[in-house]
Amino acid sequence: MISFEMPEKIEHAVVLAETIAENMMRPVSRHFDENEHEIPWDYIEFMHTSLKALGGGGLTPSGEKKEKKEKKEGPRIAFQRMAFQTEMLSWGDVGLWLCTPGGGLGAAAVNAAGTDEQKERFLARHRGEKPVFDAFALTEPHAGSAMPAEVRTTAVRDGDEWVLNGEKIFITAGHKALVDSDGFVVVWATIDPKAGRAGVRPFVVEAGTPGCKVTKLEHKLGIRASDTASVVLEDCRIPLENLLGSAEVVKPENKKGFKGAMATFDATRPVVASSALGIARATLERLKEILAEHGVEIRYGLPRSRMTNLEREIVDMEIMLRSTWLLTLKAMWQMDERKPNTLAASMSKVRAGDVVVKITQRAVELLGPLGYSREYLLEKWFRDAKINDLYEGTGQINRLIVARQAGGDSRLMGLAAWFHERSDFYGLSNQESGRDWIRNDGWQHRGALRRPGDSNVSAGHRPQGIDGCGERRRLDLER
């Protein structure tokens, strides 16, 4: 039987995260939004001490020994637990959540592409006395979404060292990783520019390494408590063993470097979705509180036709929020079960990015001047929301991934065929042969609805896709 109840271990973690969100994050949320680049050390020190006391160095699941122990006690839940914690802390303040020490994108890359020795060597520092940050450097000035195929940063072997040269931009927590703590940045560079993606590899560049310099901090619309840095690498020498994975480029079609980056995103995109949904839930809850303060209660028991427009909008927001949360949990459950989750990871990221922007924007609009003013955090959450549609792969890029993944899924192809067979369900008016039919989007399709291969399809009607029609033109319904 499928159970949707929260496991006890996750429930305890959520209670702790809720306490932190309410008492440490919300009270200072406005302050750190208005004082960009001021580091929230009280929050960072508290989180580092708390996470270390709980036996970990960050929120990101890591360590084979720990996973094996969890397996003995029941199903693996580490990634699902991280989703709940992330959602709760982002409900408190997403900018501060991005300042949580340990277990960032850099740690995720080490977990995805590093050896056991490298995991212990680079991730153990998160369990030290002082808080440590890590970061992930992939984007370059000439290209973002085309990465890692367009990586121009080079790594050349010189004896027992790699020499890195290039520039990386938009590195979340880059300054904290390289300047404010004894952390590291995972830099993606090519060891063979002619090999394309096959030559791209991740390298760990530790704080204090000569030749690695933070050159700029971005001023942003939202998540202003978190730093976003640019880094220049000039003859930056690192040990050979700081390469994650193999240095061998066997064939042009060898895409291990690319797969390493994608494996990282499969783990982190659902985390971003969880964070986005934390902002969306905070917005929706606050919106309902403000409406209640003004005497407006949502009448959930009424048929939709008897609800006010405001009530319908609130209900629609809750549907978007809860359905996207279930999709995100599925992606994280697949991570825990070590199942391929690229499709669910990108779908949850796309959906959550859309939902958080829609909910925060509509909340501001519904409250008018109150929503736009700084009296409430609604306008801040609106600004914080947009980044979720941009980083960790833009919404457009993730839609491409979903299309490619879904195109190879025979079950989805079967679903398309099912829609074809049941055209009425799709809003089609399937009339007699030789007559026009109308789809519910207002487009008129000339010719009968036929399937490819039907014997009575004339030469003048070329079936295209599930519509099975050729020419179409806009129908003037008014006329």
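In case you missed it, the structure is sitting above this.
Summary of the structure given here. Per chain, the residues get numbers from 1 upward, laid out in the order the sequence is written. Local features in a predicted model are, by the rule used here, given only for residues with pLDDT of at least 70; side-chain atom pairs are given and counted only at 80 or more, and totals for whole chains, interfaces and linings are based on all residues. Excluding hydrogens and water, the side-chain values take into account all heavy atoms of the structure.

Focus: the overall build of the protein chain
Link 1 in the chain: The secondary structure listing takes helices from DSSP runs of H or I that are at least 4 residues long and strands from runs of E that are at least 2 residues long, numbered from the N terminus. Scanning the protein chain for helices and strands turns up 16 helices and 10 strands.
Link 2 in the chain: Only protein chains enter the accessibility calculation, which uses a 1.4 Å probe; a residue whose area is less than 20% of its type maximum is buried, one above 50% is exposed, and one in between is partly exposed. When each of the 479 residues of the protein chain is scored for burial, the buried share is 49%.
Link 3 in the chain: Working rule for contacts: check all heavy atoms of both residues, and any pair within 4.5 Å makes them a contact. Across the protein chain, contacts joining residues at least 24 apart in sequence account for 71% of those joining residues at least 6 apart.
Link 4 in the chain: Calculation of accessible area relied on Shrake-Rupley with a 1.4 Å probe; when residues are assessed, cover is drawn exclusively from the protein chains displayed. Just so you have it, the protein chain exposes about 24000 Å², and 53% of that area is on carbon and sulfur atoms.

Here we look at the packing of helix 1 (residues 8-25) against helix 3 (residues 41-53)
The relative placement of two packed helices is expressed as an angle between their axes plus a distance between the axes.
Link 1 in the chain: Two elements in contact, helix 1 and helix 3, have axes separated by 11 Å at closest approach and are oriented at 155°. Viewed along their axes, helix 1 and helix 3 adopt a mutual orientation that is roughly antiparallel. The two elements helix 1 and helix 3 cross, and the hand of that crossing is right-handed. Between helix 1 and helix 3, the contacting residues are Ile20, Met24 and Met25 on the first element and Asp42, Tyr43, Phe46 and Met47 on the second.
Link 2 in the chain: The nonpolar class holds Ala, Val, Leu, Ile, Met, Phe, Trp, Tyr, Cys and Pro. Asp, Glu, Lys and Arg form the charged class, and all remaining residues, Gly among them, are polar. When the residues that make up the contact of helix 1 with helix 3 are grouped by side-chain class, the tally is six nonpolar, no polar and one charged. Orientation is described by lines fitted to C-alpha atoms, with helices fitted over the stretch in contact, and by angles between N-to-C directions that extend from 0 to 180 degrees. Put simply, angles under 35 degrees are roughly parallel, angles over 145 are roughly antiparallel, angles from 65 to 115 are roughly perpendicular, and the rest are oblique. Handedness of each helix crossing follows the sense of rotation of the near helix against the far helix: counterclockwise by less than a right angle gives left-handed, clockwise gives right-handed.

What about the side chain of aspartate 227?
Link 1 in the chain: You can see aspartate 227 is positioned in the loop between strand 6 (212-217) and strand 7 (228-239).
Link 2 in the chain: Beyond its immediate sequence surroundings of up to four residues, aspartate 227 is in contact with Ile171, Thr172, Ala173, Gly174, His175, Lys176, Leu217 and Lys220.

Re the nonpolar core
When a protein is soluble and globular, its nonpolar side chains tend to lie buried together.
Link 1 in the chain: Buried Ala, Val, Leu, Ile, Met, Phe, Trp, Tyr and Cys residues form a nonpolar core when they are joined through side-chain atoms within 4.5 Å. Core analysis: the largest hydrophobic core is formed by 83 residues, its most contacted members being Met25, Tyr43, Leu89, Trp162, Leu164, Phe203 and Leu378.
Link 2 in the chain: If sequence neighbours within four positions are ignored, tryptophan 162 has contacts with Ala155, Val156, Arg157, Ile191, Phe203, Cys236, Arg237, Ile238, Pro239, Leu240, Leu243 and Ala247.
Link 3 in the chain: With 15 residues, the next largest nonpolar core counts Phe122, Val151, Phe184 and Phe265 among its residues.

So, the packing of aromatic side chains
Link 1 in the chain: In this scheme Phe, Tyr and Trp rings, the latter by its six-membered ring, pair at centre separations within 6.5 Å, and the angle between planes marks the pair as stacked below 30 degrees, edge-to-face above 60, and tilted otherwise. Applying the stated rule across the entire model yields five aromatic pairs.
Link 2 in the chain: Ring plane angle 50° and centroid distance 6.0 Å describe the contact between phenylalanine 122 and phenylalanine 184, whose orientation is recorded as tilted. Of this pair, phenylalanine 122 sits in helix 8 (residues 116-123) while phenylalanine 184 sits in strand 4 (residues 184-190), and the two are 62 residues apart along the sequence. Considered together, phenylalanine 122 and phenylalanine 184 belong to a single accessibility category, that of buried residues.
Link 3 in the chain: A ring pair is formed by tryptophan 162 and phenylalanine 203, whose centres lie 5.4 Å apart and whose planes are at 65°; its orientation type is edge-to-face. Highlighted residues: tryptophan 162 in strand 3 (residues 161-172) and phenylalanine 203 in strand 5 (residues 200-206), separated in sequence by 41 residues.
Link 4 in the chain: Among the residues examined, tryptophan 162 registers a relative accessible area of 6% and is labelled buried.
Link 5 in the chain: In textbook terms, an aromatic cluster arises when at least three aromatic residues are bridged by ring pairs, as seen for Phe136, Trp188 and Phe265.
Link 6 in the chain: Between the NZ or CZ atom of arginine 26 and the centre of the ring of tryptophan 91, over which it lies, the distance is 4.0 Å. We call a charge positioned above a ring when the Lys NZ or Arg CZ atom is no farther than 6 Å from the ring centre and deviates by at most 35 degrees from the ring normal.

As for the pattern of salt bridges
Link 1 in the chain: What counts as a salt bridge is simple: a side-chain nitrogen of Lys or Arg found within 4 Å of a carboxyl oxygen of Asp or Glu. Across all of its chains, the model carries 31 salt bridges by this definition.
Link 2 in the chain: The partner of glutamate 206 in a salt bridge is arginine 125, and the shortest N-O contact between them spans 2.8 Å. Here arginine 125 lies in the loop between helix 8 and strand 1 (134-137) and glutamate 206 lies in strand 5, a separation of 81 residues in the sequence.
Link 3 in the chain: The residue arginine 281 makes a salt bridge to glutamate 285 at a minimum N-O spacing of 2.8 Å. Here the residue arginine 281 and the residue glutamate 285 both occupy positions in helix 10 (residues 256-293), the gap between them amounting to four residues, near one helical turn.
Link 4 in the chain: Through salt bridges with shared partners, one network takes in Arg30, Asp33, Glu36, Lys220, Arg224, Glu379 and Arg383.

Some thoughts on the pairing of strand 5
Link 1 in the chain: With respect to burial, strand 5 is a largely interior element, six of its seven residues being buried.
Link 2 in the chain: Here, strands pair whenever DSSP counts at least two bridges between them. Where strand 4 meets strand 5, seven bridges bridge the pair, whose relative direction is antiparallel. By the bridge assignment for strand 5, threonine 190 is matched with valine 200.

Digging into the pairing of strand 4
Link 1 in the chain: Burial within strand 4 is extensive, with seven of its seven residues counted as buried.
Link 2 in the chain: Here strand 4 shows two buried faces, one formed by Phe184, Val186, Trp188 and Thr190 and the other by Val185, Val187 and Ala189.
Link 3 in the chain: Here strand 1 pairs with strand 4 via four bridges, running parallel. Residue pairing across strands places aspartate 134 opposite phenylalanine 184, the latter belonging to strand 4.

Observations concerning the side chain of arginine 269
Link 1 in the chain: You can see arginine 269 is positioned in helix 10.
Link 2 in the chain: For the purpose of counting charges, residues Lys and Arg are taken to be positive, whereas Asp and Glu are taken to be negative. His and the chain ends are not included. Lacking a salt bridge, the buried arginine 269 has aspartate 266 as its closest oppositely charged neighbour, with an N-O distance of 5.3 Å.
Link 3 in the chain: Among all residues touching arginine 269, those that are not within four sequence positions of it are Ala345, Ser346, Lys349, Glu392, Gly393, Asn398 and Ile401.

A look at the environment of alanine 112
Link 1 in the chain: Within the secondary structure, alanine 112 sits in helix 7 (residues 105-113).
Link 2 in the chain: Residue classification places alanine 112 among the partly exposed positions, given a relative accessible area of 39%.
Link 3 in the chain: Along the sequence, alanine 112 and threonine 264 sit 152 residues apart, while their C-alpha atoms lie 5.9 Å from each other.

Considering the environment of glutamine 85
Link 1 in the chain: With respect to the helices, strands and loops of the structure, glutamine 85 is situated in helix 5 (residues 78-92).
Link 2 in the chain: As a C-alpha pair, glutamine 85 and valine 271 span 186 residues in sequence and 9.7 Å in three-dimensional space.

Here we look at unusual backbone geometry
Link 1 in the chain: At isoleucine 223, a residue that is not glycine, the phi angle is positive and equals roughly 35°.
Link 2 in the chain: Of note, isoleucine 223 is situated in the loop between strand 6 and strand 7.
Link 3 in the chain: Here isoleucine 223 falls in the buried class, since its relative accessible area comes to 5%.

Things to note about the packing of helix 11 (residues 309-336) against helix 12 (residues 342-367)
Link 1 in the chain: At a minimum axis distance of 9 Å, the contact between helix 11 and helix 12 shows a crossing angle of 155°. The angle between the axes of helix 11 and helix 12 places the two elements in the roughly antiparallel class. By crossing handedness, the relation of helix 11 to helix 12 is classed as left-handed. Taken together, the residues of helix 12 that come into contact with helix 11 (itself represented by Leu310, Glu313, Met317, Met320, Leu321, Ser323, Thr324, Leu327, Thr328, Ala331 and Gln334) are Ala344, Ala345, Met347, Ser348, Arg351, Ala352, Val355, Lys358, Ile359, Arg362, Ala363 and Leu366.
Link 2 in the chain: A per-class count over the contact of helix 11 with helix 12 returns 14 nonpolar, five polar and four charged.

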